[in-house]
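Letter by letter, the chains look like this.
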Amino acid sequence: MNATLERPEIRFLTSGKVTDAQRAEAESAVREALAGTGAASVHVTLSVVADPSLPRPALARAVAELDGRQLRAQAAAPTLEEAIGLLRHRLAVRTSYRRAG
C-alpha cells in the first residue's frame with residue numbers, strides 16, 4: 001500500500017488559543033479514526049472563540065478525502081479537548097458506515 005494512504009497528509013488551520021498539545025491530540029485522534037480507510041489527505045480546523053457567554057466556544061472539524069469523495073465531521077464543545085474527542089467518535093462512525101456500505 002502507498003505510504004501516503006497509510007499515513008495521510010494532515011493540514012491544520014487554527015484560530016484562537018490552540019496549543020501545540022491540542023494540535024497533536026487532534027492529529028492523533030484523526031489518524032486513529034481514519035486508520036485503514038485509505039484517506040489521501042485531511043484538512044483539520046481547530047478553533048476557540050474567546051467569548052465566555054458561548055456554551056460551546058471550541059470547534060474541531062475534519063474533511064478527509066476518501067476514494068475521491070469528501071468525508072466531513074465536526075463537533076463543538078465547551079473545551080477543545082471535548083470537541084476533539086467528539087470529532088474522533090464522529091469520524092469513526094462515518095468511516096464505519098463507508099466500510100459497511
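For the structure, see preceding data.
About the cut-offs
- Residues numbered from 1 in each chain as written.
- Predicted model: local features only at pLDDT ≥ 70, side-chain atom pairs only at ≥ 80, totals over all residues.
- Heavy atoms only, no water.
- Helix = DSSP H or I, 4+ residues; strand = E, 2+ residues; numbered from the N terminus.
- Rg over C-alpha atoms; globule rule 2.2 N^0.38 Å.
- Contact = heavy atoms within 4.5 Å.
- Areas by Shrake-Rupley, 256 points an atom, 1.4 Å probe, with all protein chains shown as cover.
- Lys, Arg positive; Asp, Glu negative; His and termini not counted.
- Charge placed at Lys NZ, Arg CZ, Asp CG, Glu CD.
- Core = buried A, V, L, I, M, F, W, Y, C linked by side-chain atoms within 4.5 Å.
- Buried < 20%, exposed > 50% of the residue type's maximum accessible area, 1.4 Å probe, protein only.
- Polar contact = N/O pair within 3.5 Å; in protein donor to acceptor, adjacent residues only side chain to side chain.

1. Some remarks on the overall build of the protein
- If you tally the helices and strands in the protein, you get 3 helices and 4 strands.
- Put simply, the protein runs from its N terminus to its C terminus through helices and strands in the order α-β-α-β-β-β-α.
- Over its C-alpha atoms the protein spans a radius of gyration of 14 Å, differing by no more than 12% from the 13 Å that the globule rule assigns to 101 residues.
- Considering only C-alpha atoms, the protein reaches an extent of 45 × 25 × 20 Å along its principal axes.
- For the protein, long-range pairs separated by at least 24 residues make up 50% of all intrachain contacts whose partners lie at least 6 apart in sequence.
- For the protein, the exposed surface amounts to about 6100 Å²; the carbon and sulfur share of it is 50%.
- Positive and negative charge centroids in the protein, built from 14 and 11 side chains respectively, lie 6 Å apart.

2. Focus on the nonpolar core
- The biggest cluster of nonpolar side chains holds 24 residues, and the ones touching the most others in it are Val30, Leu34, Val42, Leu46 and Leu91.
- Within the residue set of this core, elements represented by two or more residues are helix H2 (20–34), strand E2 (41–48), strand E3 (58–66), strand E4 (69–77) and helix H3 (80–100).
- Once residues within four sequence positions are removed from consideration, Val30 is found in contact with Ile10, Val42, Val44, Leu87 and Leu91.

3. What about the side chain of Thr95?
- Topologically, Thr95 is positioned in helix H3.
- On the basis of relative accessibility, which here comes to 3%, the residue Thr95 falls in the buried class.
- In terms of polar contacts, Thr95 uses its side chain to reach the backbone carbonyl oxygen of Ala92, at 3.0 Å.
- Those residues within four positions of Thr95 in sequence are excluded, and the remaining contacts are Ala33, Leu34, Thr37 and Leu71.

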